[in-house]
Each structure stands twice: as C-alpha cells, then as structure tokens.
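# Observations on the three-dimensional arrangement
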Amino acid sequence: EAVAVDWMLQFACSCLCRHFEEESGAEFWRWRDVAQALTNGFSEIPTHQKKTVYLCQLLIRIAKGKSLEFQFENGRRISPLESALSFWTLLEREEIKVEKLHEDIRRLIQIQIVAVHMENTYFKEAAEVLERLFTDSESDKSLRMKLTTVIKNKDPYVPLLQSFNYSLLISKIKSYIELFMKENEAIFLIQEATKHVESKGLGTTTLQNKSVNIKKNYKSNLDTKQRLVLSIILLKDNCCLNVDSSLYWMYINCLLGLNNLQNVEKQGVALTCGRRRKRWTYTEDLELKSGVQKFGVGNWAKILVHGNFNNRTSVMLKDRWRTLCK
C-alpha cells in the first residue's frame, strides 16, 4: 500500500504540473483533491517525496494567489502567496544548488504578496506584509525601500509592480516545472515494488531470474505493470473506495495509460510527448454524447472506460466535448 501511494503521488504531481501549465482549471483542482488525499495520510513526509509534496502545495497556493479570502494555514491569517513562499523556501532547501531561476521566483512571490494586497486596497496590510517579508540584509534593502515608497503612494499600477506582475510569476513557475519534470521523471510502480521486495529480502530468486531495468527495458515489462495496476484497482475493495471515488478512477487512468503504451509498442511507433491528431468518427461522437448524458460532464475517465473509443484518452474526450459544444 505504501509503495502504491508513493507512486500515485508522483503521478498526481505530474498531472498537477501538466494542468497548471495548460491552465486547465477544473482538471487542476480535481488532481489537487487527489494529491491532498494522498498526502493527508503522511504522519511525516518521506525524504524522497519532500520535493514532490512541496511542489504540489506550492502550485495549489500559486493558483489561488490573488484570492486573499483563501486561508491555507490553520490558525494563521496569512495570504495564499505567503503560504506559497514558505513552501518555496522548503523547495529551495531540497535543491542541490540555487539557480537564478530560484532567486527570480522568490523575488516575484515576495513582490506579488505586496502587489495583491494593494490591488485589493489593503494598504495597511501591505505595509505589515513588507515588514514580515524583508530582512535588514543589504541584498533586500533596495527592493524594500522601493516597495515602501509604492505602498505610501497607494498606487498598485506603478511600473515596478507592472514589471514584476503575476503573469511573469506564473511564467517562471512553469519554467521551474519543466526543469522539475526532467529531473524527476515518473517512476513506474514496478521499479518501486522491486526496490521494496529487495529491501525486505523477499522473492530474491524471482528477482535474480527476472531483473528489471526500467530505463532500458520498461516496454518489455508492460504486461507486468498492467497486472500491478490492476491489483491496485482491486485494492478499492479493501480501501472502502467505490466506483465514484477519484482515487479509483485515477487508477483506471493509469491502466489506460499503460494500455496506450502497449498499443504504441505493437505499432512500432516511438512514444512522444505530443499526440498525433486523429479525426473523430461519427460513432465516437455518439459514444461521447451518450457517455456525457449517462455520467455527466467532467467524468471523462469513467466515460472512456465504458465507451467504445479508438485509442483515445480522457483529455482527448474533454477537448472533443469542448469542440462539440462550440
């Protein structure tokens, strides 16, 4: 169970990152709920998962950064961006070295914390935030003085704040996501399960006879992975998950993803990040409409499983429905 949760958290973080980059709000918040459900079970965050958990929490807070009414910290009245800054600090501590990008993001979050308060005409609160954020160090002195002047003038649209606006912050966060995803590629469940078995000294004979090198031979082990994901789906009976559970359909999505890899392997086509566009057939459109009528808009994974589609994904279904609605 611990191995499965570990792997699914990586998958949820990957989905959060993708939907943050694509700015697809509904899907982002759906995966927010999944990530939160997985991390709520941690009494202590495992060391190897700290960056993953911190990034998820950062993105959730950045997405609500302009909504001062949102409170993420129990018992502390701080803005979403102040909460985001604390998680960014934790992320920086996990990095091997601090890049210029890290410094840029830190400065942008600090500036936007002040800017968002000013945009909402909370000038007194903006001054209080400024005192909390900036130390007396020489590196902070210049920016602190500029922001102090901006707050006194009570003008949230001065060139300084416009030059370091929220859109720029989002852009920098997206750049960080790209680097994070390259350095932390999703690890298949089979790899984690193998490590777990090895650490417990179980099944050594099987492991010796069938060693697994994920990076080089993952395609040849897709059948094994599919069976493992199926076993996770069966866990729903022991975990009190029903067929309407977000976690259950997340597992289904994983299975469908592995099936897609199998199809790619059979056709001898290299798997790439982009998807080849395929014309939707009249029959597929009818299947989609029927699925929406039965399960409702947004339940794309459920519609995908119960419908008869030709190598489609839940994202493809969502995009096609958007097109049909136009």
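Residues numbered from 1 in each chain as written. Predicted model: local features only at pLDDT ≥ 70, side-chain atom pairs only at ≥ 80, totals over all residues. Heavy atoms only, no water.

The next thing to look at is the pattern of salt bridges. By the definition in use, this model includes ten salt bridges. E119 serves as the salt-bridge partner of K66, at 2.9 Å between the closest nitrogen and oxygen. Of this pair, K66 sits in the loop between α3 (50-63) and α4 (80-94) while E119 is found in helix α5 (residues 100-119), placing the two residues 53 residues apart along the sequence. Exposure remark for E119: the relative accessible area of 34% places this residue in the partly exposed category. (Salt bridge = Lys/Arg side-chain N within 4 Å of Asp/Glu carboxyl O. Helix = DSSP H or I, 4+ residues; strand = E, 2+ residues; numbered from the N terminus. Buried < 20%, exposed > 50% of the residue type's maximum accessible area, 1.4 Å probe, protein only.)

To continue, consider the state of the cysteines. Disulfides are covalent bonds that connect the sulfur atoms of two cysteines. Following the criterion strictly, the structure yields zero disulfides and no others. There is no disulfide at C17, and the cysteine sulfur nearest it, in C13, is 4.2 Å away. Owing to a relative accessible area of 1%, C17 belongs among the buried residues under this scheme. (Disulfide = S-S within 2.5 Å.)

Where α3 meets α4, the closest approach of the two axes is 8 Å, and the angle between their N-to-C directions is 155°. With respect to α4, the axis of α3 lies roughly antiparallel. Where α3 crosses over α4, the two elements pack in a sense that is left-handed. Across the interface between the two elements, K50, K51, Y54, L55, Q57, L58, R61 and I62 of α3 pack against P80, L81, S83, A84, F87, W88, L90, L91 and E94 of α4. (Axes fitted to C-alpha atoms, helices over the stretch in contact; angles between N-to-C directions. Parallel < 35°, antiparallel > 145°, perpendicular 65-115°, else oblique. Left-handed = near helix turned anticlockwise from the far one by under 90°. Contact = heavy atoms within 4.5 Å.)

Further remarks concern the confidence of the model for the chain. Averaged over all residues, the pLDDT of the chain is 76; the fraction at 70 or higher stands at 70%. For the chain, helix α12 (residues 214-217) is the element with the lowest average pLDDT, namely 44, and α3 is the one with the highest, namely 93. Below a pLDDT of 50 lies the segment residues 256-275, which in the model reaches 28 contacts outside its immediate sequence neighbourhood of four places, other chains included. (pLDDT = per-residue confidence, 0-100.)

Before going further, it helps to spend a moment on the environment of R144. Position of R144 among the secondary structure elements: in helix α7 (residues 138-153). For R144, a relative accessible area of 18% translates into the label buried. Spatially, the C-alpha atoms of R144 and L133 are 9.2 Å apart, while their sequence positions differ by eleven residues.

So, about helix α9 (residues 166-183). Taking 1.5 Å per residue, 18 residues should reach 26 Å; α9 reaches 26 Å between its end C-alpha atoms and fits that length. Here α9 has its buried residues at Y166, L169, I170, I173, K174, Y176, I177 and F180. Buried residues of α9, seen end-on, are gathered within an arc of 165° and therefore sit on one face of the element. The exposed residues of α9 that point more than 90 degrees off its buried face are S167, K182 and E183. In this fold, the buried residues of α9 make contact with α1 (2-22), α3, α4 and α5. Of the residues flanking the start of α9, the one acting as N-cap is N165, its side-chain oxygen 3.3 Å from the backbone nitrogen of S167. (Expected span 1.5 Å × (residues − 1). Arc of directions from axis to C-beta. Polar contact = N/O pair within 3.5 Å; in protein donor to acceptor, adjacent residues only side chain to side chain.)

Take V5: it is sitting in helix α1. The partly exposed category is assigned to V5, whose relative accessible area is 22%. For the pair V5 and T39, spaced 34 residues apart in sequence, the C-alpha to C-alpha distance is 8.9 Å.

Now for the nonpolar core. By size, the foremost hydrophobic cluster in this structure holds 58 residues, and its most contacted members are L55, L58, I62, I109 and L147. Among the elements that take part in this core, α5 stands out by supplying ten residues, more than any other. Of all hydrophobic cores here, the second largest spans ten residues; its members include W280, W300, I303 and L317. (Core = buried A, V, L, I, M, F, W, Y, C linked by side-chain atoms within 4.5 Å.)

A word on helix α6 (residues 123-133). Those residues of α6 not exposed but buried are F123, A126, V129, L130 and L133. For α6, the angular spread of the buried residues around the axis is 110°, confining them to a single face. Exposed side chains of α6 directed beyond 90 degrees from the buried face belong to K124 and E131.

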